[in-house]
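Next come the chains, spelled out residue by residue.
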Amino acid sequence: MRVVLQRSGQASVKVNGEMTGSIEKGYVLLVGITHEDTEDDAAYVAKKIAGLRLWEDEEGKMNRAIDEIDGAILSVSQFTLYGDVKKGRRPSFIEAARPEVAKPLWDYFNECLRECGLHVETGIFGAMMDVELVNDGPVTIIVESK
């Protein structure tokens, strides 16, 4: 499992012009799932993200977790994170999990984040989405299960 985490001041996702998820302050998560991923991978990454200290304290040091700043999550499925461009000019997505495997794991991942006490908004799995965010910092971190 591969997640690109972007610390955000505000973010939203729309499908066909309709808002499906919106947050004020928190993380935008672009979530890629490969065919080898399991619920253990999803739970590990969710717990890791919930505990990351990426928000500044009074001294300006990244020392606070998302729950300490009352942040939220905007989770967006992103199979293209497993795009391979080593050969040719068109990416190969053979490493990305098929939708029938990826969607239940993405849903489980989002539920694990909620079980960590976080508010989670989402895009729509498999849809063409317009994602807008204000990247705060900018802070961008890649979190992987393997």
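Details of the structure are given in the entry above.
Since the model is a prediction, treat every value here as computed from it, not as a measurement. (Residues numbered from 1 in each chain as written. Predicted model: local features only at pLDDT ≥ 70, side-chain atom pairs only at ≥ 80, totals over all residues. Heavy atoms only, no water.)

Visitor: In this structure, what is going on with the nonpolar core? I would like to understand it.
Guide: Nonpolar side chains in soluble globular proteins tend to end up buried together. Counting residues in each nonpolar core, the largest one holds 28 residues, and the members touching the most others are Tyr27, Leu29, Ile49, Ile73, Phe109 and Leu113. Mapped by element, the contributors of at least two residues to this core are strand E1 (2-15), strand E3 (26-32), helix H1 (39-51), strand E4 (53-56) and helix H2 (99-115). It is H2 that provides the largest number of residues to this core, a total of 6 residues. Once residues within four sequence positions are removed from consideration, Ile49 is found in contact with Val3, Leu5, Tyr27, Leu29, Ile73, Phe109, Leu113 and Val143. Core analysis: the next-biggest nonpolar cluster, separate from the first, contains 12 residues, Ile23, Ala72, Leu74 and Met129 among them. (Core = buried A, V, L, I, M, F, W, Y, C linked by side-chain atoms within 4.5 Å. Buried < 20%, exposed > 50% of the residue type's maximum accessible area, 1.4 Å probe, protein only. Helix = DSSP H or I, 4+ residues; strand = E, 2+ residues; numbered from the N terminus. Contact = heavy atoms within 4.5 Å.)

Visitor: Got a minute to help me understand H2 in this structure?
Guide: With 17 residues, H2 extends 24 Å between its outermost C-alpha atoms, agreeing within 8% with the 24 Å of an ideal straight helix rising 1.5 Å per residue. All buried positions along H2 are accounted for by Ala102, Leu105, Trp106, Phe109, Asn110, Cys112 and Leu113. What you see down the axis of H2 is that its buried residues fit within an arc of 155°, all on one side. Turned more than 90 degrees off the buried face of H2, the exposed positions are Glu100 and Glu115. Along its buried surface, H2 packs onto E1, E3, H1, strand E6 (72-77) and strand E7 (119-122). (Expected span 1.5 Å × (residues − 1). Arc of directions from axis to C-beta.)

Visitor: Can you walk me through the packing of H1 against H2 in this structure?
Guide: To characterise two packed helices, one gives the angle between the axes of the helices and the distance between these axes. Between H1 and H2, the shortest axis-to-axis distance is 8 Å and the interhelical angle comes to 35°. Handedness of the crossing formed by H1 with H2: right-handed. Contacts from Glu39, Ala42, Ala43, Val45, Ala46 and Ile49 of H1 reach H2 at Leu105, Tyr108, Phe109, Cys112 and Leu113. By residue class, the composition of the contact of H1 with H2 is 10 nonpolar, no polar and 1 charged. (Axes fitted to C-alpha atoms, helices over the stretch in contact; angles between N-to-C directions. Left-handed = near helix turned anticlockwise from the far one by under 90°. Nonpolar A, V, L, I, M, F, W, Y, C, P; charged D, E, K, R; others polar.)

Visitor: Can you help me understand the packing of aromatic side chains in this one?
Guide: Geometry of an aromatic ring pair is reported as the spacing of the ring centres plus the angle between the planes. Going through the model one piece at a time under the given rule, you end up with 3 aromatic pairs. Seen in terms of ring centroids, Tyr27 and Trp55 are 6.0 Å apart; in terms of plane orientation they differ by 20°. Their pairing is stacked. Taken together, the positions of Tyr27 in strand E3 and Trp55 in strand E4 put the pair 28 residues apart, joining distant regions of the chain. Take Tyr27 and Trp55: they sit in the same class, and that class is buried. Ring centres of Trp106 and Phe125 lie 6.0 Å apart, and the angle between their planes is 40°; this geometry places the pair in the tilted category. One end of the pair, Trp106, is in helix H2; the other, Phe125, is in the loop between E7 and strand E8 (130-144), with 19 residues separating them in the sequence. The class of Phe125 is partly exposed, set by a relative accessible area of 23%. (Phe/Tyr/Trp six-rings, centres within 6.5 Å; stacked < 30°, edge-to-face > 60°.)

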